[in-house]
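Remarks on the overall topology
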Amino acid sequence: MKTAIDLLREAGDGTALPPCDSRFHYVPPWTAASLETLAEEILPPVAGIAMRYPAAGRASELVTANETATLIGACEYVRLRGGSDGCPLAFGGLPAELTEYARRERMTVREALDCVAWFDASQRVLTGVGIGPRRPAGTPALDGALYGPELVRRYNPARRVTERFNDVVRGFAKGFLGSCRVLELGTGTGRVARNLAPFAGSYVGIEASLAMIGEGRQDGLDVRHGDMMAIPLGAESVDAVVEHESIDFCGEPLLAAGEIERVLTLGGHFYRLELETAPVAAVGRLQEEITTRLAEISGGVFPYWTKGQRQRLHGWLTRRGFVYRRIELARWEERRTLRDWLQGLVNASYPSFAGVDERTALSVCVELAREASLGDLDRQWPGQVGMVVDRYEFVERCP
Ligand SMILES: C[S@@+](CC[C@H](N)C(=O)[O-])C[C@H]1O[C@@H](n2cnc3c(N)ncnc32)[C@H](O)[C@@H]1O
């Protein structure tokens, strides 16, 4: 019988990585503390101004000097900053369209509402709270900031897990984790955890979203509520850290990397599991187009921020002396509906990431598929699916 993992090839111990970073467009490198400040201190006064001056009000009336300062400060805050935040992707200052307003002591209502709209488009992917006219102002931030109950509902149906996927993850666990104390980061609804845990020496997962945990615990998994940027485990307490599509989704992956280094024993491994999907060329082109269109529709400054995230994390780990190997676990042919091939991109339209709702995202898929003569979303298309793991071995503890 064919084993689940083929171990097709082990490649490279250098720093070269395939340039496939375009999957995580919407994850900004913000620290948890900055996000908290944003949600709790910066957002509520702006929401208050939005309520005081509804869009239908007198556009040329002046708002107060305090309100002007509040709005300018909020817009500056939500713009990525460098330096103290250690964020290498900083923009800094105000966006060009608002710099003129910042020179006034008092803005007009129209200008103030421009600021509110810009601030809202930029911040809602971070806090999960919208302050646009039709949304309740100052609603508390969603559980787990980005992953609340709405996502949980959509999560599993939108992410098809095949038996082959399950087999390969189980094969990986048997081959690599057998006697290890394993920590999984960002377990989500537990679709990877369920395949890892039974074959690990011991298993614990951490997850920031209570709603996601609720799903995972149904299988009796030991998943704890926690932040991978402040892992609730002692130093040198695990032999392997595993993640699948989660470290890219935390506020600042490099903070998580520092924590991984802290909790790993010397000689331990950090594994980044990755599912690579490559449909036939025509569908691949459509994926690119849809991504671009969704980024345009979302209209904020956020899309494409994290291009380079993978290299950033990889560079950090290798500079800290982790030894890298890319291991291809398995690769196989799969036929999927067009809807399935595109689903990952619709996932990226989760409102809390991009401000594009599910229906809009789906109708963009339908429209572009029609334009490209690819038929309806239920039509089957072939492609290749592969499971690879980026393995980082912790060989030396740097000061
Ligand atoms: C795309 S999901 C992946 C879930 C799971 N690994 C899977 O493959 O289905 C990303 C998960 O990371 C979690 N997450 C994001 N930031 C986190 C953090 N700072 N600490 C722990 N979990 C976090 C999210 O709540 C979410 O469940």
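See the structure above.
Procedures and definitions
Residues numbered from 1 in each chain as written. Predicted model: local features only at pLDDT ≥ 70, side-chain atom pairs only at ≥ 80, totals over all residues. Heavy atoms only, no water. Salt bridge = Lys/Arg side-chain N within 4 Å of Asp/Glu carboxyl O. Helix = DSSP H or I, 4+ residues; strand = E, 2+ residues; numbered from the N terminus. Near = heavy atom within 4 Å. Polar contact = N/O pair within 3.5 Å; in protein donor to acceptor, adjacent residues only side chain to side chain. Areas by Shrake-Rupley, 256 points an atom, 1.4 Å probe, with all protein chains shown as cover. Nonpolar A, V, L, I, M, F, W, Y, C, P; charged D, E, K, R; others polar. Expected span 1.5 Å × (residues − 1). Buried < 20%, exposed > 50% of the residue type's maximum accessible area, 1.4 Å probe, protein only. Arc of directions from axis to C-beta. Pairing = 2+ DSSP bridges. Contact = heavy atoms within 4.5 Å. Phe/Tyr/Trp six-rings, centres within 6.5 Å; stacked < 30°, edge-to-face > 60°.

Side note on the pattern of salt bridges
Oppositely charged side chains can pair when the atoms bearing their charge come close. A complete count under the given rule lists 22 salt bridges for this structure. Measuring nitrogen to oxygen at the nearest pair gives 2.8 Å for the salt bridge that ties R52 to E67. Placement of the pair is R52 in helix α1 (residues 32-52) and E67 in helix α2 (residues 65-78), with a sequence separation of 15 residues.

Topic: the site of the ligand
Around the ligand, 21 residues are found, and the nearest of them are G186, R191, E207, D227 and H244. Between a nitrogen atom of the ligand and a main-chain N or O atom of A208, the distance comes to 3.2 Å. Contacts to the ligand include D227, whose side-chain N or O atom sits 2.8 Å from a nitrogen atom. Relative to its free-state accessible area of 590 Å², the ligand is covered by the protein chains to the extent of 97%. For the shell around the ligand, a count of residues per class yields nine nonpolar, seven polar and five charged.

Here we look at helix α14 (residues 358-371)
Across its 14 residues, α14 extends 20 Å between first and last C-alpha, which sits within 8% of the 20 Å expected from 1.5 Å per residue. Turning to α14, its buried residues are A361, V364, C365, L368 and A369. Each buried residue of α14 lies within a common arc of 125 degrees when the element is viewed along its axis, so the set occupies one face. Seen from the buried face of α14, the exposed residues on the opposite side, beyond 90 degrees, are R359, R370 and E371. Following α14 by one or two positions, S373 has its phi on the positive side, about 55 degrees.

Some details on the pairing of strand β6 (residues 264-279)
Judged from the six bridges that link them, strand β5 (residues 238-244) and β6 form a sheet pairing that is parallel. Bridging across to β6, V242 finds its partner in Y271. Across eleven bridges, β6 lies against strand β8 (residues 380-394) in antiparallel orientation. Pairing of L273 across the sheet is with V389, part of β8.

Regarding the environment of G201
Residue position: G201 is located in the loop between α7 (193-196) and β3 (202-207). Relative accessible area serves as the criterion here: at 51%, G201 is assigned to the exposed category. Between the alpha carbons of G201 and R181 there is a distance of 5.4 Å; along the sequence they are 20 residues apart. The residues contacting G201, other than those within four sequence positions of it, are L177, G178, S179 and C180.

Topic: the environment of I49
Looking at where I49 falls in the secondary structure, it is placed in helix α1. For I49, a relative accessible area of 2% puts it in the buried group. Each residue touching I49, except ones within four places of it in the same chain, is listed here: E67, T70 and L71.

Description of the packing of aromatic side chains
Overall, the coordinates contain six aromatic pairs when judged by the stated rule. Pairing F322 with F394 gives two aromatic rings, centres 4.9 Å apart and planes at 15 degrees, and the pair type is stacked. Here the residue F322 occupies a position in strand β7 (residues 322-337), and F394 occupies one in strand β8, the gap between them amounting to 72 residues. Summarising the burial analysis for this pair, F322 and F394 share the class buried. Measuring from ring centre to ring centre gives 5.1 Å for Y324 and Y392, while their planes differ by 35 degrees; the resulting arrangement is tilted.

Interpretation note: all reported values are geometric properties and have no functional meaning in isolation.
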